[in-house]
Amino acid sequence: MSISIISAIGKNNEIGKKNGLLWDLPLDMKHFRETTSGHTIIMGQKTFESIGRPLPNRRNIVLTLDKNYLRHGVDVVYSVEELEELLRTSPQPSPSQGEGEEIFVIGGGMVYKLFIEKADKLYITHVNAEFSDADTYFPIIDENIWQKVKSEKHPKDESNKYDLEFAEYIKKVS
Ligand SMILES: NC(=O)c1ccc[n+]([C@@H]2O[C@H](COP(=O)([O-])OP(=O)(O)OC[C@H]3O[C@@H](n4cnc5c(N)ncnc54)[C@H](OP(=O)(O)O)[C@@H]3O)[C@@H](O)[C@H]2O)c1
């Protein structure tokens, strides 16, 4: 099993405001859907509530400290340790994935911080703009730790207001 993080971040690592996103970028939504479909996704309670429903074709796991938290179509865990136990003991979404299964941490700010040191890979959409009204941020991507191994650039267009870069980072061998 490997842990990947997926996020879209502004030039100052901005990811959200008022429990919502800072942009409307259909191209990034498509990239997110294609990258995570068929896999397990892990998110904080706030991100789940901001999406408002389980994402289809994925196993949805929500982290919360609230022992009364129950939502249809999601597994709920109360700590990272409990999450790790659940992943070890329960079946993966697709039998073909087995031990090589890639698990995706999809946000938000608090949960990215919890997992960035445990992650094996980062899928980062760099949004080429600054958002002064942001209130939630992605952790600093330390260039001593993370090596960019893929970069796909998309200029802005009618539907996507900002230039985007789909980047992938893996941990440098120390
Ligand atoms: N740009 C992107 O790619 C992207 C992706 C995802 C989200 N976002 C944005 O990020 C913002 C939300 O991020 P956020 O930092 O406010 O919240 P979050 O990380 O989505 O969720 C935080 C919640 O997770 C639970 N939690 C955190 N650490 C935990 C732990 N160790 N054990 C158990 N539960 C734990 C707590 O839930 P309880 O309070 O219930 O205990 C906490 O309040 C929104 O604006 C959203 O739109 C952006």
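The text that follows walks through the structure, step by step, so that each part is easy to find. Only a predicted model underlies this, so the values are computations on that prediction, with no experimental measurement involved.

**Considerations on the nonpolar core**
Phase 1: Grouped together as the largest cluster of nonpolar side chains are 25 residues, with contacts concentrated most on Ile 5, Ile 42, Val 105, Phe 115, Leu 122, Phe 138 and Ile 141.
Phase 2: Secondary-structure elements contributing two or more residues to this core are strand 1 (2–9), strand 4 (59–63), helix 3 (80–89), strand 6 (102–107), helix 4 (109–115), strand 7 (121–127) and strand 10 (164–171).
Phase 3: Once residues within four sequence positions are removed from consideration, Ile 5 is found in contact with Val 105, Tyr 112, Phe 115, Ile 116, Ala 119, Lys 121, Leu 122, Tyr 123 and Phe 138.

**Here's the deal with the site of the ligand**
Phase 1: Around the ligand, 28 residues are found, and the nearest of them are Ala 8, Thr 47, Thr 64, Leu 65 and Met 110.
Phase 2: Ile 15 has a polar backbone atom sitting 3.1 Å from a nitrogen atom of the ligand.
Phase 3: The fraction of the free accessible surface of the ligand (930 Å²) that becomes covered by protein chains is 85%.
Phase 4: Breaking the shell around the ligand down by element, the ones donating at least two residues are strand 1, strand 2 (14–16), helix 2 (45–51), strand 6 and helix 4.
Phase 5: Sort the elements by how many residues they give to the shell around the ligand and helix 4 lands first, with five residues.
Phase 6: For the shell around the ligand, the per-class residue count stands at twelve nonpolar, 13 polar and three charged.

**A short note on the environment of Asn 57**
Phase 1: One can find Asn 57 in the loop between helix 2 and strand 4.
Phase 2: Between the C-alpha atoms of Asn 57 and Lys 67, which are ten residues apart in sequence, the distance is 26 Å.
Phase 3: Beyond its immediate sequence surroundings of up to four residues, Asn 57 is in contact with Ser 37, Gly 38 and His 39.

**Focus: the pairing of strand 1**
Phase 1: Counting buried positions along strand 1 yields seven of eight residues, so the element is predominantly enclosed.
Phase 2: Pairing geometry for strand 1 and strand 6, over four bridges, is parallel. In the sheet register, Ile 5 faces strand 6, and the bridge partner there is Val 105.
Phase 3: Sheet topology note: the strand 1/strand 7 ladder contains six bridges and is parallel. Bridge pairing links Ile 9 to His 126 in strand 7.

**With respect to the pairing of strand 3 (residues 40–44)**
Phase 1: Of all five residues in strand 3, five are buried, a share of seventy percent or more.
Phase 2: What you see with strand 3 is no split at all: Thr 40, Ile 42 and Gly 44 on one side and Ile 41 and Met 43 on the other are buried throughout.
Phase 3: Two elements, strand 3 and strand 4, share five bridges in a ladder whose sense is parallel. Residue pairing across strands places Ile 41 opposite Asn 60, the latter belonging to strand 4.

**So, the packing of aromatic side chains**
Phase 1: Taken as a whole, this structure holds four aromatic pairs when the rule is applied.
Phase 2: With centroids separated by 5.4 Å and ring planes inclined at 85 degrees, the aromatic side chains of Phe 131 and Tyr 162 adopt a geometry described as edge-to-face. Here Phe 131 is found in the loop between strand 7 and strand 8 (136–137), whereas its partner Tyr 162 is found in the loop between strand 9 (146–154) and strand 10, with 31 residues between them in sequence.
Phase 3: On the basis of relative accessibility, which here comes to 8%, the residue Phe 131 falls in the buried class.
Phase 4: One aromatic cluster is present, built from ring pairs that chain together Trp 23, Phe 131 and Tyr 162.

Conventions we followed
Residues numbered from 1 in each chain as written. Predicted model: local features only at pLDDT ≥ 70, side-chain atom pairs only at ≥ 80, totals over all residues. Heavy atoms only, no water. Core = buried A, V, L, I, M, F, W, Y, C linked by side-chain atoms within 4.5 Å. Buried < 20%, exposed > 50% of the residue type's maximum accessible area, 1.4 Å probe, protein only. Helix = DSSP H or I, 4+ residues; strand = E, 2+ residues; numbered from the N terminus. Contact = heavy atoms within 4.5 Å. Near = heavy atom within 4 Å. Polar contact = N/O pair within 3.5 Å; in protein donor to acceptor, adjacent residues only side chain to side chain. Areas by Shrake-Rupley, 256 points an atom, 1.4 Å probe, with all protein chains shown as cover. Nonpolar A, V, L, I, M, F, W, Y, C, P; charged D, E, K, R; others polar. Pairing = 2+ DSSP bridges. Phe/Tyr/Trp six-rings, centres within 6.5 Å; stacked < 30°, edge-to-face > 60°.

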